[in-house]
Amino acid sequence: MARLGAKPYDQPSINAEIIASHGLSEDEYKRIVEILGREPNYTELGVFSVMWSEHCSYKSSKVHLKLLPTDGPAVLQGPGENAGIVDIGNGQVAVFKMESHNHPSFIEPYQGAATGVGGILRDIFTMGARPIASLNSLRFGSFDHPRTPYLLSGVVSGIGGYGNCVGVPTVGGELFFDESYNANILVNAFTLGIAEKRRIFKGTAKGAGNSLIYVGAKTGRDGIHGATMASEAFSEESEKRRPTVQVGDPFTEKLLLEACLELMKGHCLVGIQDMGAAGLTSSAAEMAARGGSGVELDLSRVPLRERRMTPYEILLSESQERMLLVAKKGKENEVKRIFEKWDLDAVVVGKVTRDRLFRAFFDGAEVVRIPVVALSSDAPVYSRPAERPQGQDELQRLDLEKIEVPKDLGATLKLLLESPNVASKEWVFRQYDHFVRSNTVVAPGADAAVIRIKGTDKALALTVDGNGRYCYLDPYVGGILAVAEAARNLACVGARPLGLTDCLNFGSPERPDVMWQFSQVLQGMRDACITLGVPVVSGNVSFYNETDGVPIYPTPTVGMVGLLQKVERHATPWFKSSGDLVVLLGRNREELGGSEYLKVVHGIVKGTPPWIDLRLERAVQQCCIKAIEKGIIRSAHDMSEGGLGVTLAECCISGPEKPLGVRVELREMMRGDARLFGESQSRIIVTLREKELNRFRQIAVKEGAPMQVIGEVGGGHLAVHPLVRVPVDELRAVWLGGLERRLRGQGKEL
Amino acid sequence: MRVKIFVCLKDGVLDPQGKAVAHSLHSLGYQEVQDVRMGKYLEISLDVPSRQAAELKIREMCDKLLANPVIEDYRFEIE
Amino acid sequence: MRWGVIVFPGCCDEQDVYDCLKHNLGQRVEFLWHKDRLNGGFDCIVLPGGFSYGDYLRCGAMARFSPIMQGVVEFARLGGLVLGICNGFQILCEAGLLPGALVRNASLQFICRQVFLRVEESDTPFTCAAKKGQLLRLPIKHGEGCYYADPGTLERLHKNRQVLVRYVDGKGRTSPSANPNGSLDHIAGVCNDGRNVFGLMPHPEDAGEKILGSEDGLKIFSSVIAACDKREKRAWLG
């Protein structure tokens, strides 16, 4: 066969340097030649490079991801589609996913975070769901790092700028600072939508002769693989190559959202997919793969924003706010009419074929001809070497006897409450619209957000969680804890988990120590998912989060969704009234390894993360959920970073009304700092009226959950006898302004 | 014809962005900065027969849409 | 009575207004597409919040040129009730139906939180169900809600008692910390001379149910309903 695409533009000829700059190994290139039976041309090389990239192919993670349980009674769609789907009853489904946008957010925090939100929103509404809530999980470097305030305020305003404008409330999230992320911040964005069960759409190209329709914004050179820039001999435009920062346009996204949902009410759509990473190439190839079809694209018809774009650039552009649809033959005008109403482009750019080939034409000449399987199921899969790092044992060694117990534990509590990881995140949340769509029952700042489902009595609870420090110290236990804590957060508002989505943020998979962390974390997550009965329905993997050979803490973040049958039967973390009994569900243990306290007060990141017994965990969660469902619980709050001390403080001060004090007495004998700030798992602080104590005890006994009454709400102090006694107003003041004061203290404009 | 349009907040209307920039410049050591006003800059390509016609049209566009006379002033340069 | 809720491209809160009116108050509501002309028969037109045209150029600047706005201006001129919420308030100011303008928040940040409003006048169709001095707890969510008017305009606003709601603290007092966006004279909402056009930054539609934290927003809508009932009765009695 003649070499393709010799005209009408010149393509550089392929050499070892160009292959390497496309991130393809020698072996991978050999495989391409084998598959094609010839050398690829430059454009085809570009197509292979993106489809075989880690991001699109999951080549290093696939074998491990198979471990995760993906099935469950509520699951309608597991991993492999644009997003996962679970049944929530009443003929409705919840569609959700989380995705990372780490690297772009580090380069340009506002646009990186904004386009991350845009991408995840599209993943949700392509499936026919209206997005109703977003969350985000953020990791920044140390607060003292000069770039942190800049990155933080950029990312937060980018998330708000995009999400607010599209009219999707951001109802919660998490924010964590640690040196480990100094040069690799993490921005993981989660969105959930609701669709009718009988009107779910998927990314599939079926039915030879059906049309491929391009909709949304025009294509520019944004986000084209860095590889492009590595090759200079390209065109006269090469000197104009620019950094590949993608710019988001939330207004266009909003129009696209409304137009797509309107289109989905009719009957002309066969399949639909967002043009996300690797743009037109991946959306067309993935849809063809799922439909068992081929596709034929005429690149000359793609609406362009810039002049003289080559087929290579058109295929690889990652311009935002674009979608590829497959419409029934003859229905093209119906599609166009709807998009015209919303002032958007809709252009037929190709068709579905029978030949199972990915073909692209430009000015009449064929420029790409690749079997679809080569870009999907036949993409390389690696079982990369994994090895426990040598320093791991040393890392886990923690001699508590050498660590002095602070004399003034009240001052220590204040120090913790003011530290960035514990302090109130109000400065962040108030920049996000969390009211729009008028569903928000529990707003940001609680263990989980609660969103009622209009037209029903039900509500959904949403949370994102992860603790990279735990995973660094013990990735297996860390993986368990990420899932367990997310489920516990749902339990604290009274929700039963339906499923989870994850972002797995790690260093380079080519390092055996990172692959060891990865496989350990996944095994931990699997074990927790199975015992707690939570299937994984979607997610993504982000490797190569490292700088100068130092990877970030292995950081899986878990986005979990739960269901409440009755919206008014939910709980919030803060104390409600004086006289309520304070009950500890679970057990205190002397554990300080990996704690926030050790890090903040002693500057130590060592030891083993807290121990966990998944059966105990399940019992505690079940007890909490059932008691909330029965209306016994007045408040419930999970114990996490900062242990009992911080948890009690948050119960006192995080409510919308005046703070309430508490008097607590502990029975266990152990060192004071461990008692107050140890992060033992499977613990929840609940409050209830005294007359409900017996009913509550019955539930606890039935579920096998240990419980003890440890005190009473009331007074103006947080008092844990005999360790601390601090006025709650003081605690509230340091906690509430902690983040903002730190930001201002550095003289940074926000 | 190419027209450069500058839209700025009127004197007397609080400009928090300008204030923030001034503050940052001060903290970078530029003590000589007395005041900063931030505005918008637009470039418009026009197909009109004369400068006069351009001026007329641009004035109309600014009054109608590009500037809000309650809070903003504008000026323009025709190239 | 019949409500019309305008849908501009980039609107976000139209469904919230619709649901609040229809489900919480049992009203007859219709969406009105910005490209259409305004038909007769409506008692109150709502311009909902959101980011019409992406808030590009200036908030509300482009929406005022939508075909439907000609009809809204005419409707208001004839005494029809027009309510602008957040972005809708910005559009009404841009269109000249309300005095003043809304500029960037003093903090330069988008701000989303609950605020307290004090009802300053109760002799308008938008506040007649409330008492003068009554506090309402409503959410705000905007980046450009700082109210501005030149001294002459402000004086007229005071003289004609056109400031209908102010930002206050939980005890009903104005203070810098209770003013979330730096608005001149703590102004959260104003009406026109004829008292038939009202714009405010806070969102009554997101405070229409206890489960969402407040139902104080209903006061605004039920005022309109009461005013229209009265009008109808008056018309019927001749």
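This report concerns the structure included in the present document. (Residues numbered from 1 in each chain as written. Chains lettered and ligands numbered in written order. Predicted model: local features only at pLDDT ≥ 70, side-chain atom pairs only at ≥ 80, totals over all residues. Heavy atoms only, no water.)

## Points about the overall build of chain A
Here is step 1: Each helix and strand in chain A was counted, giving 26 helices and 28 strands.
Here is step 2: Its C-alpha atoms give chain A a radius of gyration of 26 Å, within 12% of the compact-globule value 27 Å for 750 residues.
Here is step 3: Overall size of chain A, expressed as C-alpha extent along the three principal axes, is 85 × 55 × 45 Å.
Here is step 4: With 750 residues in all, chain A has 66% of them scored as buried.
Here is step 5: For chain A, the proportion of contacts with a sequence separation of at least 24, taken over those separated by at least 6, is 84%.
Here is step 6: The average position of the 88 basic charges and that of the 91 acidic charges among the side chains of chain A differ by 6 Å. (Helix = DSSP H or I, 4+ residues; strand = E, 2+ residues; numbered from the N terminus. Rg over C-alpha atoms; globule rule 2.2 N^0.38 Å. Buried < 20%, exposed > 50% of the residue type's maximum accessible area, 1.4 Å probe, protein only. Contact = heavy atoms within 4.5 Å. Lys, Arg positive; Asp, Glu negative; His and termini not counted. Charge placed at Lys NZ, Arg CZ, Asp CG, Glu CD.)

## What to know about the interface of chain A and chain C
Here is step 1: Opposite the 32 residues of chain A that make contact, chain C presents 29 residues.
Here is step 2: Where chain A abuts chain C, roughly 2,500 Å² becomes buried across the two surfaces, and 60% of that area is made up of carbon and sulfur atoms.
Here is step 3: Sorting the residues of chain A by area buried against chain C places Phe251(A), Arg430(A) and Phe435(A) first, and these three jointly supply 26% of that buried surface.
Here is step 4: Counting across the interface, chain A meets chain C through four salt bridges. (Buried area = accessible area lost by both parts, 1.4 Å probe. Salt bridge = Lys/Arg side-chain N within 4 Å of Asp/Glu carboxyl O.)

## Concerning helix α5 (residues 218-237) of chain C
Three or four residues apart is the spacing at which side chains of an α-helix point the same way, because the helix has 3.6 residues per turn.
All names here are of chain C.
Here is step 1: An ideal rise of 1.5 Å per residue puts 28 Å on 20 residues; α5 measures up with 28 Å between its terminal C-alpha atoms.
Here is step 2: Buried within α5 are the following residues: Leu218, Ile220, Phe221, Ser223, Val224, Ile225, Ala227 and Cys228.
Here is step 3: The elements touched by buried residues of α5 are β1 (2-7), α1 (14-24), β3 (44-47), β4 (81-85), β7 (135-142) and β11 (197-200). (Expected span 1.5 Å × (residues − 1).)

## Re the pattern of salt bridges
All names here are of chain A.
Here is step 1: Within the structure shown, the criterion is met by 76 salt bridges over all chains.
Here is step 2: In this structure, Lys97 engages Glu99 in a salt bridge whose closest nitrogen and oxygen atoms are separated by 3.1 Å.
Here is step 3: In this structure, the salt-bridge partner of Glu629 is Arg496, at a minimum N-O distance of 2.9 Å. A residue pair is termed long-range when its members are at least 10 positions apart, and Glu629 in helix α22 (residues 614-629) and Arg496 in strand β17 (residues 496-505) qualify at 133 residues.
Here is step 4: In this structure Arg496 comes out as partly exposed when scored by relative accessible area, which is 31%.
Here is step 5: Within the structure, one salt-bridge network assembled from shared partners comprises Glu296, Lys351, Asp355, Arg359, Glu366 and Arg369.

## Some details on the state of the cysteines
Here is step 1: Evaluation of the coordinates by the stated rule reveals zero disulfides over all chains.
Here is step 2: Unpaired in terms of disulfides, Cys503(A) finds its nearest cysteine sulfur in Cys471(A), a separation of 14 Å.
Here is step 3: Cys146(C) takes part in no disulfide bond, and the closest cysteine sulfur, belonging to Cys93(C), lies 12 Å away. (Disulfide = S-S within 2.5 Å.)

## Focus on unusual backbone geometry
Here is step 1: Along the chain, His721(A) connects to Pro722(A) via a cis peptide bond; the corresponding omega equals -5°.
Here is step 2: Residue position: Pro722(A) is located in the loop between β27 (717-721) and β28 (724-727).
Here is step 3: Phi is positive for Asp363(A), close to 50°, though the residue is something other than glycine.
Here is step 4: You can see Asp363(A) is positioned in the loop between β12 (357-362) and β13 (365-371).
Here is step 5: Its identity is not glycine, yet Tyr53(C) carries a phi of approximately 50°, on the positive side.

## Some remarks on the interface of chain B and chain C
Here is step 1: In this assembly, 15 residues from chain B lie in contact with 15 residues from chain C.
Here is step 2: Both faces combined, the contact of chain B with chain C buries some 1,300 Å², and carbon together with sulfur accounts for 69% of it.
Here is step 3: When the area that chain B buries against chain C is broken down by residue, the three leading residues are Pro16(B), Leu65(B) and Val70(B), summing to 35%.
Here is step 4: Along the contact surface separating chain B from chain C lie one salt bridge.
Here is step 5: Here Glu72(B) and Arg58(C) are joined by a salt bridge, their closest N and O atoms 3.4 Å apart.
Here is step 6: Scanning the region where chain B abuts chain C turns up seven residue pairs in polar contact (both at pLDDT 80 or more).
Here is step 7: Split into classes, the residues belonging to the side of chain B that touches chain C amount to nine nonpolar, three polar and three charged. (Polar contact = N/O pair within 3.5 Å; in protein donor to acceptor, adjacent residues only side chain to side chain. Nonpolar A, V, L, I, M, F, W, Y, C, P; charged D, E, K, R; others polar.)

## A short note on the nonpolar core
Note on soluble globular proteins: their nonpolar side chains tend to be buried together.
Here is step 1: By size, the foremost hydrophobic cluster in this structure holds 122 residues, and its most contacted members are Leu325(A), Phe339(A) and Leu83(C).
Here is step 2: Sort the elements by how many residues they give to this core and helix α10 (residues 250-263) of chain A lands first, with eight residues.
Here is step 3: With 48 residues, the next largest nonpolar core counts Cys56(A), Ala288(A), Tyr312(A) and Leu316(A) among its residues. (Core = buried A, V, L, I, M, F, W, Y, C linked by side-chain atoms within 4.5 Å.)

## Remarks on the sheet that holds strand β2 (residues 39-45) of chain B
Residues and elements named next belong to chain B.
Here is step 1: Sheet architecture is open: three strands sit in the order β2-β1-β3, paired in antiparallel fashion. The open sheet has two edge strands with one neighbour each: β2 and β3 (72-78). Here the average twist between neighbouring strands, direction ignored, is 20°.
Here is step 2: In this structure, strand β1 (residues 2-9) lies alongside β3, joined through seven bridges in antiparallel fashion. (Pairing = 2+ DSSP bridges. Axes fitted to C-alpha atoms, helices over the stretch in contact; angles between N-to-C directions.)

## Re the environment of Ser61(A)
Residue and element names in this part refer to chain A.
Here is step 1: Within the fold, Ser61 resides in the loop between α4 (54-57) and α5 (62-65).
Here is step 2: For Ser61, a relative accessible area of 0% translates into the label buried.
Here is step 3: Look past the residues within four positions of Ser61 in its chain and what remains in contact with it is Glu54, Phe518, Val541 and Phe543.

## Some words on the environment of Leu723(A)
Residue and element names in this part refer to chain A.
Here is step 1: Position of Leu723 relative to the elements: it lies in the loop between β27 and β28.
Here is step 2: Put simply, Leu723 and Arg741 are 18 residues apart on the chain and 28 Å apart in space, counted from C-alpha to C-alpha.
Here is step 3: Apart from the residues within four sequence positions on either side, Leu723 is in contact with Leu409, Gly672, Arg675 and Leu676.

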